[in-house]
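Reading the structure
Residue strings, one per chain:
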Amino acid sequence: MASVMDHQLRLYNSLGRRMEDFTPSADVVGLYSCGPTVYSFPHLGNMRPYVFADTLRRALRWKGIAVRHVINITDVGHAVADSDTGEDKIEVAAAREHRSVADITAFYTKAFFDDTAALNVLPADVYPRATDYVPQMIEFAARLEERGYTYLLPSGLYFDTSKSPGYGALAMMDVAGQREAARVEYVEGRRNKTDFALWRAEEPGVRRVMRWESPWGWGAPGWHLECSVMSMALLGEHFDIHTGGVDHRELHHVNEIAQSEAYLGDGRPWVRFWLHNEFLVLNNAKIAKSSGPVPRLFDLTEAGYHPMAYRLFLLGGHYRSQLDFATQAIDAAQATLRRLVTRVAPLRPLPVVETLAAARGLLPPDDSGVASGDKAATAYLDQLDAAISADLATPKILAALQESLRDLDISVEGLRVVVAAADALLGLGLADLDPGEVDRRRSVADLDSEELETIERLVADRTQARLEKNWARADEIRSELEMLGVRVTDTPTGPSWQLR
């Protein structure tokens, strides 16, 4: 008899590094995700946290749990190199591109929304902008000052981490070790290396583009302050889940916790569950803007890949595992997507399924009228529920989906329900994708003169690098060509290339 047991949702809590049963603390789960700093185009690595958070939302919906999701837009406060001093990333971008701060933030915020929409990420309930909450940030910092958690330096108002008893618990580093290793930047007068700016004062003789008056002089808020303030304003002083990239686990989220729990002063954990996705890596290094040009979703689509192929690539690995971005992996994801869409197309229209209860309700009852008469479909729904309940095990959901499409024992109606249920969790848009949309590779005839010139120049540069035995540079250029959808083949008479 197929099981109809509901599996307990279990999530890996970074706070303690352990799997825990998740049960909501309120009728609506508060979910906060660290959002983009809108100073440049988001790259592929930037998009992984939002596909991960989207999967979490779909899991909660599947369980019938109501969610209020907040993703912030950082349009002030994030200094270059994530430091406490120096220029704001937004202001640097505005100067570089000879555009106003408002133009920069509007342009790159739209780019972020375009990419999340293309990846079928469910919209958050609220996208608060940091600049709209600066008065509340000043009030927040003033309360910390009243409680004795701060000290003032010429460079700004700093949080004294020595007065935070649990500081660093999320990073699981001993406090002394973390204070020793935390930062490399030198700040005159800072008491501990882990102390961080709540308010960044203007440097003498330097007038910021984005500036506000405060009790500590003209300046701008520190990077960590915004998330505490906006999350509390929109989700309440305590909420259930905070997500972000694993890089935030060691610094940004540690500082959020310290200032928030000092502000609240109630002895309770500020947030119950902290979930972090791992990095996307390229050539064994984290994909980051600081390392130079990095691939964007636009680059993939220009090369003929469907955005859902990238989503499928991400879901093919567990969110807590590093993923190696390689052309072969994206090719495989594109091929898998094409096969899925081709197999699903004859089953359309698919039913609308968002929850486990709804999926089970669509299956026919057995002779007793109690349990489903389609034992194969019931078993697959149980597999889907078990997988999503085990810390969002999306690779297992994909495996169950593919197995169901090959299963000769499942009814057509049962299969339609299973496919719709799997897609409610995966978000691949299988109900609507046309097979012809999936593969949009171009031919050489589709290239304009500038694109053709770029490809030929790169091929020539690679040939020269190989002649000079500069193999590292040659490999870099090959990677650039692959991102353009170009495959190079070395022959005895020289290199040849073709569009993939």
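First things first, this report covers the structure right here in the doc. (Residues numbered from 1 in each chain as written. Predicted model: local features only at pLDDT ≥ 70, side-chain atom pairs only at ≥ 80, totals over all residues. Heavy atoms only, no water.)

1. A look at the nonpolar core
Selection rule: By nonpolar core is meant a set of buried Ala, Val, Leu, Ile, Met, Phe, Trp, Tyr and Cys residues that side-chain atoms within 4.5 Å join together. Remark: exposure states derive from per-residue accessible area (1.4 Å probe, protein chains only) relative to the maximum for the residue type, with buried under 20%, exposed over 50%, and partly exposed in between. Contact definition: two residues touch when any of their heavy atoms are within 4.5 Å.
Counting 132 residues, the largest nonpolar core has Ile-241 and Tyr-310 as the members making the most contacts within it. Setting aside chain neighbours within four positions, we find Ile-241 in contact with Leu-11, Phe-22, Val-29, Gly-30, Leu-31, Tyr-32, Leu-56, Leu-60, Val-271, Phe-273 and Leu-275. Core analysis: the second largest hydrophobic core is formed by nine residues, Ile-477, Leu-481, Val-486 and Val-488 among them.

2. Let's talk about the sheet that holds strand S8 (residues 219–221)
Where we set the bar: Only strands joined by at least two bridges in the DSSP assignment are considered to pair. Here a strand is any run of E in DSSP of at least two residues, a helix any run of H or I of at least four, and the numbering for each starts at the N terminus. Only the stretch in contact is used when a helix axis is fitted, and all axes are lines through C-alpha atoms; the angle between N-to-C directions ranges over 0 to 180 degrees.
Strands sit in the order S5-S6-S7-S8 across an open sheet of four strands; the sheet is antiparallel. For this open sheet the edge positions go to strand S5 (150–153) and S8, each flanked by a neighbour on one side alone. Taking each pair of neighbouring strands and ignoring which way they run, the sheet shows an average axis angle of 20°. Pairing analysis gives three bridges linking strand S7 (residues 196–201) to S8, with the strands arranged antiparallel. Pairing of Arg-200 across the sheet is with Ala-220, part of S8. On the sheet, helix H4 (residues 134–146) packs against S5, strand S6 (156–159), S7 and S8 and is oriented at approximately 120° with respect to S7.

3. Observations regarding the packing of helix H12 (residues 375–389) against helix H13 (residues 394–406)
To keep it simple, the criterion reads: An angle counts as roughly parallel when it lies under 35 degrees, as roughly antiparallel when it exceeds 145, as roughly perpendicular when it falls between 65 and 115, and as oblique in every other case. A crossing counts as left-handed when the near helix is turned anticlockwise from the far one by less than a right angle, and as right-handed when that turn is clockwise. Each residue receives one of three labels: charged for Asp, Glu, Lys and Arg, nonpolar for Ala, Val, Leu, Ile, Met, Phe, Trp, Tyr, Cys and Pro, and polar for the others, Gly being one of them.
Viewed as axis vectors pointing N to C, H12 and H13 meet at an angle of 165°, and their least axial separation amounts to 9 Å. It follows from the interaxial angle that H12 and H13 lie roughly antiparallel. In this structure, the crossing between H12 and H13 has a hand that is left-handed. Contact residues: H12 offers Tyr-380, Gln-383, Leu-384, Ala-387 and Ile-388, while H13 offers Lys-396, Ile-397, Ala-400, Glu-403 and Ser-404. Across the contact of H12 with H13, the residue classes tally to six nonpolar, two polar and two charged.

4. Here we look at helix H3 (residues 101–118)
What counts here: Helix span, as expected, comes to 1.5 Å for every residue beyond the first. To be clear, the arc concerns the directions from the helix axis to the C-beta atoms.
Across its 18 residues, H3 extends 26 Å between first and last C-alpha, which sits within 8% of the 26 Å expected from 1.5 Å per residue. For H3, every residue scored as buried is listed here: Val-101, Ile-104, Thr-105, Tyr-108, Thr-109, Ala-111, Phe-112, Asp-115 and Thr-116. Down the axis of H3, the smallest arc covering the buried residues is 155°, so these residues share one side. Residues of H3 that are exposed and point over 90 degrees away from its buried face: Ala-102, Lys-110 and Ala-117. In this fold, the buried residues of H3 make contact with helix H1 (44–62), helix H2 (89–97) and helix H8 (297–302). Once H3 finishes, Asn-120 follows within two positions and takes phi at roughly 60°, a positive value.

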